[in-house]
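Each chain is listed here by its residues.
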Amino acid sequence: MRVYLDNAATTPLDQEVVTAMTDVLSNYYGNPSAQHAIGRTAKGILEIARRNVAELINAKSSEIFFTSGGTEADNIVIRSAVTDLGVKNIITSPTEHHAVLHTAEEMNEKGMAVLHFVNINEKGEIDLENLEFLASKYPESLISIMHANNEIGTLSNLKTISAIAKKYHCIFHSDTVQTMGHYKIDVEELGIDFLVCSAHKFNGPKGTGFLYIKNIHKLKPMITGGGQEKNLRAGTENLHGIVGLAKALEISNKILDEKRKKIQSLKNLMINLIKEKIPQIGFNGLITENESLYTVLNVSVPPSPIGDMLLFKLDIEGVCASGGSACSSGSNKGSHVLAAIKHPEDRTGLRFSFGKFTTEKDIRFAVDKLQKILSE
Ligand SMILES: Cc1ncc(COP(=O)(O)O)c(C=O)c1O
């Protein structure tokens, strides 16, 4: 038996998504920029996907820009805020994904903007008073705070942060890669300037995502060439990927409540089984229902001579988990998130992440294997 508990890294494709994508691959090969009928048909499919995605997050079609995923979209926001929108200060948290952190650090290193880190506590929660202090000290900054942390699952209150951003005339970007398709997101209600999406986190295809840009912001081309994506991102569109993304988001939004209920109960089961069977294990980040992403559970294993081997041993036993973000899969060494929440270096952090295909059997199997490995 093999169980897959690494859904925060990526998710299996939904069969309906595969069908929608193969239909495009087989039947609609036109270039959406071509003037003839076959091209116009492809353009029509592209714009329907854009409209559907926009409706699902209460945006306008003109505010949706398809990208290759979350990393590219985060890069565009941070670079463009500095180069096109006159941002001189970036306020972010030390637990952001590297797509945000490394880009902001580059802006700082090149002297293009000054980077300020907001304080966080040991559960990874943003210190909102400190955020307000920074925003008041550096008005008109770019504030970039993720909705849910991909390693420990701690959630941030986007509405509260958005209000702080508005008060001090800051631009607010949120990396919503781990929450899009898992929570209802309404850009109007949030009053947000930018957010990002990656289809492969909610049973859509890899290499496809989008960037929401509030229509008051005009960005210059990030990739130059053709005039695709309203001149922001040149290159012939990945039509089948975009259709797959739109389909995956549509399906996810339809089943949002039941999916959340089911996965949350699996997460609760895992928490309870761990508490009961392996009580020496602790939890990283918040684990309460409304403050924590229901798809992620990060556990803290006490110091052990096999600490470094845990993921490997789980894999041998048939359990796919991870040590943090996908880029550090196979090891928890160097997790900047665990370091930022002061997780003791001699303990091991393991991330189990769930999806709509996860079952109770998977959870029981994984806890049994973890218990077995730790008792050997
Ligand atoms: C929070 C967060 N941001 C950005 C990304 C990058 O997304 P993509 O894989 O689409 O580039 C990820 C993926 O791991 C993520 O978890």
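Residues numbered from 1 in each chain as written. Predicted model: local features only at pLDDT ≥ 70, side-chain atom pairs only at ≥ 80, totals over all residues.

**Some details on the site of the ligand**
Phase 1 of the analysis: Around the ligand sit 15 residues in total, of which Gly 69, Gly 70, Thr 71, Asn 150 and Ser 198 are the nearest.
Phase 2 of the analysis: For the shell around the ligand, the class distribution of residues is four nonpolar, nine polar and two charged. (Near = placed C-beta within 6 Å. Nonpolar A, V, L, I, M, F, W, Y, C, P; charged D, E, K, R; others polar.)

**Some remarks on unusual backbone geometry**
Leaving glycine out, the prevailing phi sign among residues is negative, and the prevailing peptide bond configuration is trans.
Phase 1 of the analysis: Phi at Glu 140 is positive, roughly 65 degrees, even though this residue is not glycine.
Phase 2 of the analysis: Relative to the assigned elements, Glu 140 resides in the loop between helix H5 (128-137) and strand S5 (142-144).
Phase 3 of the analysis: Here Lys 342, not a glycine, exhibits a phi torsion of approximately 60 degrees, which is positive.
Phase 4 of the analysis: You can see Lys 342 is positioned in the loop between helix H11 (336-340) and strand S12 (348-353). (Helix = DSSP H or I, 4+ residues; strand = E, 2+ residues; numbered from the N terminus.)

**Some words on helix H8 (residues 239-254)**
Phase 1 of the analysis: Helix length check: H8 (16 residues) gives 23 Å between terminal C-alpha atoms against 22 Å at 1.5 Å per residue, within 8%.
Phase 2 of the analysis: Most of H8 is tucked away, with 14 of its 16 residues classed as buried. (Expected span 1.5 Å × (residues − 1). Buried ≥ 20, exposed ≤ 12 C-beta atoms within 10 Å, placed from the backbone.)

**Concerning helix H3 (residues 70-83)**
Counting along an α-helix, one turn takes 3.6 residues, and residues three or four places apart therefore face a common direction.
Phase 1 of the analysis: Along its 14 residues, H3 runs 20 Å from first to last C-alpha, staying within 8% of the 20 Å computed at 1.5 Å per residue.
Phase 2 of the analysis: Within the span of H3, buried status applies to Gly 70, Thr 71, Glu 72, Ala 73, Asp 74, Ile 76, Val 77, Ile 78, Ser 80, Ala 81 and Val 82.

**Some thoughts on the nonpolar core**
Phase 1 of the analysis: Counting residues in hydrophobic clusters, the biggest one holds 103 residues, and the most contacted among them are Ile 78, Ile 143, Phe 210, Leu 211, Tyr 212 and Val 243.
Phase 2 of the analysis: Ranked by residues supplied to this core, first place goes to H8 with eight residues.
Phase 3 of the analysis: Both domains that meet at this core, namely domain 1 (3-12 + 256-375) and domain 2 (15-254), each give it at least three residues.
Phase 4 of the analysis: Once you skip the residues sitting within four places of it in the chain, Leu 211 turns out to touch Phe 65, Thr 67, Ala 73, Ile 76, Val 77, Phe 194 and Val 196. (Core = buried A, V, L, I, M, F, W, Y, C linked by C-beta atoms within 7 Å. Domains from an automatic or database assignment. Contact = placed C-beta atoms within 7 Å.)

**Comments concerning the packing of H3 against helix H4 (residues 98-109)**
Phase 1 of the analysis: Viewed as axis vectors pointing N to C, H3 and H4 meet at an angle of 25 degrees, and their least axial separation amounts to 9 Å. In this view, H3 runs roughly parallel relative to H4, as classed from their interaxial angle. For the pair H3 and H4, the sense of crossing is right-handed. Seen from H3, the contacting residues are Gly 70, Thr 71, Asp 74, Asn 75, Ile 78, Arg 79 and Val 82; seen from H4, they are Ala 99, Val 100, Thr 103, Ala 104 and Met 107. (Axes fitted to C-alpha atoms, helices over the stretch in contact; angles between N-to-C directions. Parallel < 35°, antiparallel > 145°, perpendicular 65-115°, else oblique. Left-handed = near helix turned anticlockwise from the far one by under 90°.)

**Examining the sheet that holds strand S8 (residues 209-213)**
Phase 1 of the analysis: Spatially, seven strands are ordered S2-S8-S7-S6-S5-S3-S4 in an open sheet, and the strand pairing comes out mixed. Both edges of this open sheet fall to strand S2 (64-67) and strand S4 (114-117), since each of them pairs with a single strand only. When the angles between neighbouring strand axes are averaged without regard to direction, this sheet yields 20 degrees.
Phase 2 of the analysis: Pairing between strand S3 (residues 89-92) and S4: four bridges, direction parallel. Note that in S4 the partner of Thr 92 across the bridge is Phe 117. (Pairing = 2+ DSSP bridges.)

**Comments concerning the domain arrangement of the chain**
Phase 1 of the analysis: For the chain, the domain assignment lists domain 1 (3-12 + 256-375) and domain 2 (15-254).
Phase 2 of the analysis: Here domain 1 and domain 2 have C-alpha centroids that lie 27 Å from each other.
Phase 3 of the analysis: Of the residues lining the interface, 26 residues belong to domain 1; the matching set on domain 2 comes to 28 residues.
Phase 4 of the analysis: Counting only elements with at least two residues in the side of domain 1 that touches domain 2, the list comes to strand S10 (296-301) and H11.
Phase 5 of the analysis: Across the side of domain 1 that touches domain 2, the residue classes break down as eleven nonpolar, eleven polar and four charged.

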